[in-house]
Amino acid sequence: MTEHFRDNETGNRFELDVDGTIAFVTYRKSPGTITLEHTVVPPELGGKGIGSKLARATLDAVRAQGRKLTVECEFIQGYMKKHPEDNDLLTAS
């Protein structure tokens, strides 16, 4: 299985390409912050841990970009509950 992660700024989404099938997280960027809106993992990639790999890569990308984070996506919210070490990325509410 070949995987490639990228920030598709034109499409406003982080993408994980798995053998030509794309899982993605949509976002809205503003200066210094990013809002993660929705995660899509195609059915053919289900049950393979692709959602978790995409979430991890997305959070790493947000950190590398030096942005703070707002999360509307329930999948990413659930992932972050299991990985509280990433809570420092969250904007102050």
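Computed from a predicted structure; not experimentally measured.

Undergrad: Tell me what's going on with the nonpolar core, and back it up with residues and numbers.
TA: Core analysis: the biggest nonpolar cluster contains 22 residues, and Phe-14, Ile-34, Leu-36, Leu-59, Leu-69 and Ile-76 have the highest contact counts within it. When residues of this core are traced back to their parent elements, those giving at least two are β2 (13-18), β3 (21-30), β4 (33-40), α1 (50-64), β5 (68-71) and α2 (74-82). For this core, the element with the highest residue contribution is α1, accounting for 6 residues.

Undergrad: Explain the environment of His-38 to me, and be specific about the residues and the numbers.
TA: Its place among the elements puts His-38 in strand β4. Taking the C-alpha atoms as reference, His-38 lies 4.7 Å from Cys-73; in sequence the two are 35 residues apart.

Undergrad: Residues and numbers for the environment of Leu-69, please.
TA: Considering the arrangement of structural elements, one finds Leu-69 in strand β5. Those residues within four positions of Leu-69 in sequence are excluded, and the remaining contacts are Ile-34, Leu-36, Leu-59, Val-62, Met-80, Leu-89, Leu-90 and Thr-91.

Undergrad: Got a sec to walk through the packing of α1 against α2? Specific residues and values, please.
TA: Contact geometry of α1 with α2 gives a least axis separation of 10 Å together with a crossing angle of 80°. Considered as vectors, α1 and α2 are oriented roughly perpendicular to each other. Contacts from Gly-51, Ser-52, Ala-55, Arg-56 and Leu-59 in α1 reach Phe-75, Ile-76, Tyr-79 and Met-80 in α2. Along the lines of polarity and charge, the residues of the contact of α1 with α2 split into 6 nonpolar, 2 polar and 1 charged.

The rules behind these values
- Residues numbered from 1 in each chain as written.
- Predicted model: local features only at pLDDT ≥ 70, side-chain atom pairs only at ≥ 80, totals over all residues.
- Heavy atoms only, no water.
- Core = buried A, V, L, I, M, F, W, Y, C linked by side-chain atoms within 4.5 Å.
- Buried < 20%, exposed > 50% of the residue type's maximum accessible area, 1.4 Å probe, protein only.
- Helix = DSSP H or I, 4+ residues; strand = E, 2+ residues; numbered from the N terminus.
- Contact = heavy atoms within 4.5 Å.
- Axes fitted to C-alpha atoms, helices over the stretch in contact; angles between N-to-C directions.
- Parallel < 35°, antiparallel > 145°, perpendicular 65-115°, else oblique.
- Nonpolar A, V, L, I, M, F, W, Y, C, P; charged D, E, K, R; others polar.

Worth remembering: the numbers are spatial, not functional.
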